[in-house]
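Chains, contacts and geometry: an overview
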Amino acid sequence: MALYRHGSEQLPDKGIIGAVFKSLDGSKHGLRAVRRGTRFGRISMRRFLFWMLSVIMLFSIYLAVFGIKVQFHGKMESGVSLLREVREEFLGSDALDKPKRKPRRQLNYLIEPQDYANLTQFSTTYVEKEDGTLGNDPYEPRFGGHQTLQERQKSFSAINQTIHCGFVKGPEGHPSTGFDLGEKDKSYMNTCRVVVSSCIFGSSDFLRRPTSKLISEYSKKNVCFVMFVDEQTLTKLSSEGNVPDERGYIGLWRVVIVKNLPYKDMRKTGKVPKFLSHRLFPSSRYSIWLDSKMRLNADPMLIIEYFLWRTGSEYAISNHYTRHCVWEEILQNKRLNKYNPTVIDEQFNFYQSDGLTKFDPSDKNTPLPSYVPEGSFIIRAHTPMSNLFSCLWFNEVDRFTSRDQLSFAYTFLKLKRMNPDRPLFLNMFKDCERRSLAKLFHHRELSPPPP
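This text gives an overview of the structure that appears in the document. (Residues numbered from 1 in each chain as written. Predicted model: local features only at pLDDT ≥ 70, side-chain atom pairs only at ≥ 80, totals over all residues. Heavy atoms only, no water.)

**Regarding the nonpolar core**
Test applied: Put simply, a nonpolar core is a bunch of buried Ala, Val, Leu, Ile, Met, Phe, Trp, Tyr and Cys residues held in one set by side-chain atoms that sit within 4.5 Å of each other. Exposure categories follow from relative accessible area, calculated using a 1.4 Å probe and restricted to protein chains: below 20% of the type maximum is buried, above 50% is exposed, and the middle band is partly exposed. Two residues form a contact once any of their heavy atoms are found within 4.5 Å.
In this structure, Phe179, Phe228, Trp393, Phe408 and Leu426 are the most contacted members of the largest nonpolar core, which totals 62 residues. Once you skip the residues sitting within four places of it in the chain, Trp393 turns out to touch Phe275, Tyr315, Ile317, Pro373, Ile378, Asp404, Ser407, Phe408 and Thr411. In terms of nonpolar packing, the next biggest core, distinct from the first, is built from 34 residues, Val194, Leu237, Ile379 and Phe429 among them.

**Considering helix α13 (residues 384-399)**
Selection criterion: To qualify as a helix, a DSSP run of H or I must reach at least 4 residues; to qualify as a strand, a run of E must reach at least 2; elements of each kind are numbered from the N terminus. A helix's residues, less one, multiplied by 1.5 Å, set its expected span.
With 16 residues, α13 should reach 22 Å at 1.5 Å per residue; the first-to-last C-alpha distance of 22 Å fits that figure. Counting buried positions over the 16 residues of α13 gives 15, a clear majority of the element.

**Regarding unusual backbone geometry**
Despite not being glycine, Ser203 has its phi angle at roughly 55°, a positive value. Looking at the element boundaries, Ser203 is found in the loop between β5 (194-200) and α6 (217-222). Classification of Ser203 by relative accessible area gives buried; the value is 6%. One non-glycine residue with positive phi stands out, namely Asn260, at about 60°. Mapped onto the fold, Asn260 is located in the loop between β8 (253-257) and α8 (266-275). Assessed through its relative accessible area of 39%, Asn260 is described here as partly exposed.

**Some words on a nonpolar patch on the surface**
This is how the line gets drawn: What goes into a patch is any residue over 30% in relative accessible area without a salt bridge, connected to like charges within 9 Å or, for nonpolar side chains (Val, Leu, Ile, Met, Phe, Trp, Tyr), within 5 Å. Residue-level accessible areas treat just the shown protein chains as cover; the underlying method is Shrake-Rupley with a 1.4 Å probe. By definition, a salt bridge exists where a carboxyl oxygen of Asp or Glu is found within 4 Å of a side-chain nitrogen of Lys or Arg.
A cluster of nonpolar side chains, contributed by Met45, Phe48, Leu49, Met52, Leu53 and Ile56, occupies part of the molecular surface with about 610 Å² of accessible area. Mapping Phe48 onto the fold places it in helix α2 (residues 30-66). Looking at Phe48, the relative accessible area reads 48%, which means it is partly exposed.

**Points about the pairing of strand β6 (residues 223-229)**
The line we're drawing: At least two bridges found by DSSP between two strands are what make those strands a pair.
Summarising burial for β6: seven of the seven residues are buried, a large majority. Of the two faces of β6, the one lined by Val223, Phe225, Met227 and Val229 and the one lined by Cys224, Val226 and Phe228 are each fully buried. Pairing of β5 with β6, which is carried by seven bridges, proceeds in the parallel orientation. Residue pairing for β6: Cys199 is matched across the bridge by Phe228. Pairing of β6 with β8, which is carried by four bridges, proceeds in the parallel orientation.

**What about the side chain of Glu374?**
To be explicit about the condition: This count recognises Lys and Arg as positive and Asp and Glu as negative, with His and chain-terminal groups excluded. Counted as a polar contact is a pair of N or O atoms within 3.5 Å, where, for protein atoms, one must be capable of donating a hydrogen and the other of accepting one, and residues adjacent in sequence contribute only when both atoms are in side chains.
Residue position: Glu374 is located in strand β12 (residues 373-381). In this structure, Glu374 is buried with no salt-bridge partner, the nearest side chain bearing the opposite charge being Lys293 at 4.6 Å. Among the polar contacts listed, one links the side chain of Glu374 to the side chain of Ser376, at a separation of 3.0 Å. If we skip the residues at most four places from it in the chain, Glu374 touches Ile317, Ser318, Asn319, His320, Tyr321, Asp431 and Arg434.

**Quick look at the layout of surface pockets**
For clarity, the threshold we go by: Of the grid points, spaced at 1 Å and generated over the protein atoms alone, those admitting a 1.4 Å probe that cannot get out make up cavities, while open sets with protein on both sides within 12 Å along at least five of seven lines make up pockets; any residue with an atom within 4 Å of a point is treated as lining. Grid points are joined across faces, edges and corners, and a volume is the space filled by probe spheres set on the points. Classification convention: Asp, Glu, Lys, Arg as charged; Ala, Val, Leu, Ile, Met, Phe, Trp, Tyr, Cys, Pro as nonpolar; all other residues, Gly among them, as polar.
Of the volumes computed, that of the largest pocket is approximately 1000 Å³. The dominant element in the lining of the largest pocket, judged by the number of residues it contributes, is α8, at five residues. Looking at the lining of the largest pocket, its residues break down into ten nonpolar, twelve polar and 16 charged. Reported here for the second largest pocket is a volume of approximately 580 Å³. Breaking the lining of the second largest pocket down by element, the ones donating at least two residues are α5 (183-189) and α9 (277-280). Residue classes in the lining of the second largest pocket are distributed as ten nonpolar, seven polar and seven charged.

**Description of the state of the cysteines**
Where we set the bar: Any cysteine sulfur atom paired with another within 2.5 Å is treated as part of a disulfide.
Throughout the structure, instances matching the rule amount to two disulfides. Each sulfur of the disulfide joining Cys165 and Cys391 lies 2.1 Å from the other. Disulfide Cys165-Cys391: torsion about the S-S bond near -80°, hence left-handed. Highlighted residues: Cys165 in the loop between β4 (161-163) and α5 and Cys391 in helix α13, separated in sequence by 226 residues. Exposure class is identical for Cys165 and Cys391. Each is buried. With a sulfur-sulfur separation of 2.1 Å, Cys192 is cross-linked through a disulfide to Cys224. Judged by the sign of its S-S torsion, about -100°, the bond between Cys192 and Cys224 is left-handed.

**Let's talk about the sheet that holds β5**
Our working rule: Every axis corresponds to a line fitted to the C-alpha atoms, with the helix fit spanning only the stretch in contact, and the corresponding angles, defined between N-to-C directions, vary from 0 to 180 degrees.
With respect to topology, eight strands assemble into an open sheet ordered β7-β8-β6-β5-β9-β12-β11-β13, the strand pairing being mixed. Among the strands making up the open sheet, the edge pair consists of β7 (249-250) and β13 (426-429). Where strand β9 (residues 286-290) lies against β12, five bridges are found, and the strand directions are antiparallel. Each bridged residue has a counterpart across the sheet, and for Ser287 the counterpart in β12 is Arg380. Sitting on the sheet, α8 touches β5, β6, β9 and β12, and the angle it makes with β12 is about 30°. Relative to β13, helix α14 (residues 405-418) is tilted by about 140°, and along the sheet it contacts β11 (315-319), β12 and β13.

**Here we look at the environment of Asp180**
Structurally, Asp180 can be placed in the loop between β4 and α5. Taking the relative accessible area as the measure of exposure, Asp180 reaches 30% and is therefore partly exposed. Placed 81 residues apart in sequence, Asp180 and Leu261 show a C-alpha to C-alpha distance of 7.6 Å. A distance of 3.3 Å separates the side chain of Asp180 from the side chain of Asn260, its partner in a polar contact.

Here's what the structure looks like:
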């Protein structure tokens with residue numbers, strides 16, 4: 001096919017262009033076809049180059065962030081070595097050998113502060129047995145004993161003395177006052193130095209095991225995880241598939257069976273392991289309490305380090321998430337019928353007559369950020385002052401209601417008032433921190449008792 005300049009003047013066929021044109025058919029649309037093909041070729045080439053550059057950039061980013069996982073040889077080794085040197089300079093040598101799975105936190109370098117033990121020191125012993133005389137009143141042994149108001153007043157002094165703190169036995173011939181444990185369990189509990197404890201009485205809850213993957217191997221070997229249950233609860237748990245193994249464990253929990261519960265009120269019975277861990281575990285130095293409605297999601301040694309050692313505290317508890325004044329807590333307990341209103345009023349009037357005042361958030365000198373705690377999670381060192389506070393708080397629950405939020409502020413403020421030179425180093429942290437340590441569940445819904 002020949003091309004024409006104007007009219008009938010023919011252009012010569014030369015070189016490659018002529019060859020291309022000769023290869024086309026004699027159609028008058030040949031030139032348009034060539035131009036269309038050239039345009040499509042340019043578009044395809046642009047797309048190809050775009051995708052190639054994109055792949056190269058993504059691959060470069062991958063190498064810069066994650067490193068090279070393939071083994072190279074020969075000339076590539078120098079390039080790989082250079083890349084490793086650059087990453088080591090910016091990220092550190094540890095970043096080059098990251099395992100595929102995130103390792104558990106190690107506690108090899110967690111050391112108790114040397115000056116931590118330099119807290120208030122005094123000696124406290126406990127009433128073990130009563131002689132059975134109550135004046136003209138008939139004697140009936142009680143787990144908390146029969147503390148007089150004079151003995152109660154003196155017990156708030158941080159001095160060498162003997163005080164009531166549960167586990168009080170009656171005279172010879174009287175029955176046990178309750179919370180009876182097996183000798184094998186007692187021997188095990190005497191070996192514990194750090195304790196995480198909880199309880200389920202009256203089948204009030206499901207068994208919630210600590211999140212094992214978040215607990216270090218050190219804590220699994222050195223921390224006692226003890227769950228106190230009664231026989232009714234053990235039967236219920238076993239029917240649900242939670243059967244202790246031959247060593248008495250369900251997961252991390254060492255199940256300890258409690259016989260002869262000291263109170264008909266299961267909530268009040270639960271205050272025994274909650275407040276008296278220093279008596280149940282006489283060799284322990286630290287303890288963590290969590291209610292059975294919670295699942296532990298943090299390592300206990302890290303919790304102790306964060307809430308006690310860092311702050312120089314010997315007792316740590318969170319404030320309530322909504323209420324901060326005892327007056328508000330009392331009204332809420334009455335409104336929800338949490339306890340006998342008459343007994344609540346008796347307790348509240350007693351506290352008011354002994355100096356309890358309303359919480360004032362505007363007072364910069366207030367000794368606590370809140371007068372109402374969220375008592376489902378407690379961290380404490382078993383120091384003399386911490387143990388005394390625990391005994392005093394338990395005695396208030398034993399004397400009045402099982403609603404321990406009502407007696408917390410009164411107990412702390414009276415202890416502080418009577419010992420101005422011997423403070424209890426209490427860390428009251430925010431409730432959001434408590435929720436980050438343990439997952440909260442609802443209690444088991446029990447069927448109503450038969451009519």
